[in-house]
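Letter by letter, the chains look like this.
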Amino acid sequence: MDNALRTFQAWDYVVFSCLFVVSSGIGVFFAVKERKKAPSKEFLVGGRQMTCVPVALSLTASFMSAVTVLGAPSDVYRFGASFVIFGVAYTLVVICTAELFLPIFYRSGITSTYEYLELRFCKLVRIAATIIYIIQTILYTGVVVFAPALALNQVTGFNLWGSIFATGIVCTFYCTLGGLKAVVWSDAFQMVVMVVGFLTVLVQGTSQTGGVNAVWERAQNGQRLDVFDLDPNPLRRHTFWTISIGGTFTWLGIYGVNQSTIQRCISCRTETHARLALYFNLLGLLVILLCAVFSGLIMYAYYESCDPWTAHLVQAPDQLMPYFVMEILGKYPGLPGLFVACAFSGTLSTVAASINALATVTYEDFVSQCFKNISNQTASWISKGLCIVFGVCCTSMAIAASYMGGIVQAALSIHGMCGGPMLGLFSLGILFPCANSKGAVGGLMLGIALSFWVGIGAFLYPASPLNTHPLALSVEGCALNTSHLPAAINASTIAPFISSSASPPVSTPHGSAMAETWYSISYLYYSAVGFVSTLIAGLIITFLTGSTNPKDVRPGLIRPVCDLFCFCSKGLRRQCWCGVDHEKDKLDLGNTDMIDDGCPDYESSVKTFNIQDVAYTNSGFVKDAQA
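Residues numbered from 1 in each chain as written. Predicted model: local features only at pLDDT ≥ 70, side-chain atom pairs only at ≥ 80, totals over all residues. Heavy atoms only, no water.

Some thoughts on the overall build of the protein chain
If you tally the helices and strands in the protein chain, you get 23 helices and 0 strands. For the protein chain, with 627 residues in total, the buried portion stands at 58%. Put simply, of all contacts in the protein chain between residues at least 6 apart along the chain, 85% involve residues at least 24 apart. When the accessible surface of the protein chain is summed, it comes to about 24000 Å², and 66% of that surface belongs to carbon and sulfur atoms. (Helix = DSSP H or I, 4+ residues; strand = E, 2+ residues; numbered from the N terminus. Buried < 20%, exposed > 50% of the residue type's maximum accessible area, 1.4 Å probe, protein only. Contact = heavy atoms within 4.5 Å. Areas by Shrake-Rupley, 256 points an atom, 1.4 Å probe, with all protein chains shown as cover.)

Below, the structure written as structure tokens:
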């Protein structure tokens, strides 16, 4: 291939620009359409009138970021198709979120998930959780913008700073104008672009590799299809157990109690729509997962005897996917642009959802608490101003990430390190009526401390190859065929690397027992460490300081897990309520669609408690004062 084809052409920029134009247009459309409706209500939660399909597409697009589009195929290329086991984790996460966490948040009528923590515990817990969420989301969002932009820049020549600023400006623009509805519908469009981009790579890649049978045979010969590794060792990077168990905790921290997820679920018109959105979203997650895994297998089959990374044709594994795309699609004008649009669809959806969620929690947890009785019009302008502020913050963080070097890897792990303790904190409140505020504060502090301890330790002392198990890569075929390489690279420049096609390197001990054990634990267990430590410490502190009387706990803040199982007798369910009288006090929502668990006796209970009677006034639901 001619080296000129390795850079973006005019048609590529045209196709890519269409992504930004359409996304911006959606924001303008909803800004015009909803201008006469209650501003704050429409802006923050879409008027709580969204349906399940667009919300499902939005959830999938937001959490399948460009890091997934570029990183997952690279992971399969280097470590094998065990990545597909994440499908098990996704399934467990969606079921737990839909049946355990969503009912509490939806029925309470709150806008910020952290308002629950004040209702259940105290204001200090709410403020601490909100601050942690804001910091980790800004850090993560900045890296989500920078990392793929850098990878694409170094392989395709796509302008680095232009893509970063364009992403920040466009996301801020349609978030500020259209609010949550613009975010949801833009995400839905971007989800379609992601699937089309992946399918283009899959079809063309399979064709140029020699067909499905050739791909499968080469992947099998390269041990890429050895999926089910049942080794229980927690130090191993990816096994069936680390992915299915550790991955469940990691993603449950992102899905189950994350403001970005819950905010879109409670924007649905009924709880049934919210649940369906989560289950349809599961289908989307599995589709994107399979596309990413098959892309990685096709990429390995294509480079079976000439690995670009080992041959130093790319500088980092995340550049493998865009390099592969330029190889197979470079001669078709516009198609490389389609794939870059696919990658940046993940970026746009993640950034937009983060900006909207950050603006919401800041307004609900800080602004509305300091300034009471804010009118709808004022609340709308404040919310839009917060979108602009956080848009600038996320873009600035992306710029800062360019100067942080290896710290970027640590920033990516913050999402998991914070998610586990947050999951433990909410689980403590929802599942254990006895838990008190002292236990919540102490558990959160210990959970954060242990999660960051293991995460930062792993960054300073990377796990050995014996635990990560990278599979062998070869460059033996590079010296035989260099026609597809840039003119500056030939057989003589690649020759020194041909010997590197041997088996994975032998581990070199760090000289520290802590580094070889605690710091070498699989990154997927970071959330589990935070969750377990928060939960255990919270319960121990609760019992030491005097547990809460279950009769004093509002039933609407506790999820009786036993009610999920219809075969449980009424007497057994009452025993499992731990003293909380769920039969006497049910949420008074006036909509049986919102409270039907599908179990007998549920709707027949007396409903006298309305959580909004004790919740704070949400300006998004207050009519503007008349002049």
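Additional details are given in the paragraphs that follow.
Comments concerning the packing of helix H12 (residues 271-302) against helix H13 (residues 320-329)
Remark: H12 packs on H13, axes separated minimally by 11 Å, with the N-to-C direction vectors making an angle of 65°. Between H12 and H13, the interaxial angle falls into the category roughly perpendicular. The handedness of the crossing between H12 and H13 is left-handed. Of the residues in H13, those touching H12 at Ser 295, Ile 298, Met 299 and Tyr 302 are Leu 320, Met 321, Phe 324, Glu 327 and Ile 328. Class assignment of the residues belonging to the contact of H12 with H13 gives a composition of 7 nonpolar, 1 polar and 1 charged. (Axes fitted to C-alpha atoms, helices over the stretch in contact; angles between N-to-C directions. Parallel < 35°, antiparallel > 145°, perpendicular 65-115°, else oblique. Left-handed = near helix turned anticlockwise from the far one by under 90°. Nonpolar A, V, L, I, M, F, W, Y, C, P; charged D, E, K, R; others polar.)

Describing the packing of aromatic side chains
Overall, the coordinates contain 20 aromatic pairs when judged by the stated rule. Here Phe 228 and Phe 240 contribute two aromatic rings whose centre-to-centre distance is 6.1 Å and whose plane-to-plane angle is 45°, an arrangement assigned as tilted. Note that Phe 228 is positioned in the loop between helix H9 (212-221) and helix H10 (240-255) and Phe 240 in helix H10, a separation of 12 residues in sequence. By the ring-pair criterion, three or more aromatic residues cluster together here, those being Phe 83, Phe 86, Tyr 90, Trp 251 and Tyr 255. Over the ring of Tyr 300 we find Arg 224, and its NZ or CZ is 4.0 Å from the ring centre. A cation over a ring is seen here: Arg 237 above Phe 79, with NZ or CZ 4.1 Å from the ring centre. (Phe/Tyr/Trp six-rings, centres within 6.5 Å; stacked < 30°, edge-to-face > 60°. Lys NZ or Arg CZ within 6 Å of the ring centre and 35° of its normal.)

Examining the nonpolar core
Membership of the largest hydrophobic core comes to 153 residues, with the highest contact counts inside it found for Tyr 116, Leu 117, Trp 251 and Tyr 255. With 11 residues, the next largest nonpolar core counts Leu 235, Ala 458, Tyr 526 and Val 529 among its residues. (Core = buried A, V, L, I, M, F, W, Y, C linked by side-chain atoms within 4.5 Å.)

Points about the pattern of salt bridges
What the rule picks out here adds up to 11 salt bridges. Close ionic contact of Asp 75 with Arg 237 constitutes a salt bridge, the shortest N to O distance being 2.6 Å. You can see Asp 75 sitting in helix H4 (residues 66-79) and its partner Arg 237 sitting in the loop between H9 and H10, a full 162 residues away along the chain. Like Asp 75, the residue Arg 237 is buried in the burial classification. (Salt bridge = Lys/Arg side-chain N within 4 Å of Asp/Glu carboxyl O.)

Brief notes about the packing of H13 against helix H14 (residues 335-370)
In the contact formed by H13 and H14, the axes pass within 9 Å of each other and the chain directions differ by 155°. Taken together, H13 and H14 sit at an angle that is classed as roughly antiparallel. Taken as a pair, H13 and H14 cross one another with a handedness that is right-handed. Facing H13, whose interface residues are Met 321, Pro 322, Val 325, Met 326 and Leu 329, H14 presents Leu 335, Pro 336 and Phe 339. Taken together, the residues of the contact of H13 with H14 break down into 8 nonpolar, no polar and no charged.

Observations regarding the environment of Ser 451
Within the fold, Ser 451 resides in helix H17 (residues 437-460). Residue classification places Ser 451 among the buried positions, given a relative accessible area of 0%. Distance in space between the C-alpha atoms of Ser 451 and Ala 528 is 8.8 Å, their sequence separation being 77 residues. Among residues more than four places away in sequence, those in contact with Ser 451 are Met 417, Pro 421, Tyr 526, Val 529 and Gly 530. At 3.5 Å, the side chain of Ser 451 forms a polar contact with the backbone oxygen of Met 417. (Polar contact = N/O pair within 3.5 Å; in protein donor to acceptor, adjacent residues only side chain to side chain.)

A closer look at the confidence of the model for the protein chain
Across the protein chain, the average pLDDT comes to 78, with 78% of residues at 70 or higher. When the criterion is pLDDT under 50, residues 1-5 qualifies, and its contacts beyond four places in sequence or with other chains add up to 11 contacts. (pLDDT = per-residue confidence, 0-100.)

With respect to H17
End to end, H17 covers 34 Å across 24 residues, agreeing with the expected 34 Å (1.5 Å per residue, within 8%). Within H17 the residues assigned to the buried category are Gly 439, Ala 440, Gly 442, Gly 443, Leu 444, Gly 447, Ile 448, Ser 451, Val 454, Gly 455, Gly 457 and Ala 458. The opening residue of H17 is Asn 436, an N-cap whose side-chain oxygen sits 3.3 Å from the backbone nitrogen of Lys 438. (Expected span 1.5 Å × (residues − 1).)

Describing unusual backbone geometry
Positioned with a positive phi, Gln 223 is a non-glycine residue whose angle comes to about 65°. Within the secondary structure, Gln 223 is located in the loop between H9 and H10. For His 312, which is not glycine, the phi dihedral falls at a positive 65°. Checked against the element boundaries, His 312 lands in the loop between H12 and H13.

A short note on helix H5 (residues 86-108)
Its 23 residues place the ends of H5 31 Å apart at the C-alpha level, agreeing with the 33 Å of an ideal helix rising 1.5 Å per residue. Within H5, the axis deviates most sharply at Leu 102, by approximately 50°, and proline Pro 103 lies no more than four positions further along. Of all 23 residues making up H5, 17 are buried, and the element is well covered by its neighbours. Looking one or two residues past H5, Gly 109 carries a phi angle of roughly 75°, positive in sign. (Bend = angle between axes of the 7 residues up to and from the residue.)

With respect to a nonpolar patch on the surface
Taken together, Val 28, Val 32, Phe 173 and Leu 177 make up a surface patch of nonpolar side chains, about 290 Å² in accessible area. Listed by contribution, the elements that provide at least two residues to the nonpolar patch are helix H1 (10-33) and helix H8 (160-209). (Patch = residues over 30% accessible without salt bridge, like charges linked within 9 Å, V, L, I, M, F, W, Y side chains within 5 Å.)

Notes on the environment of Phe 146
Its location among the elements puts Phe 146 in helix H7 (residues 123-156). Phe 146 sits in the buried class, given a relative accessible area of 5%. The spacing of Phe 146 and Trp 161 is 15 residues in sequence and 9.1 Å in space, taken between C-alpha atoms. Residues within four places of Phe 146 in sequence aside, it is in contact with Leu 160, Ile 164, Ala 398, Ala 401 and Ser 402.

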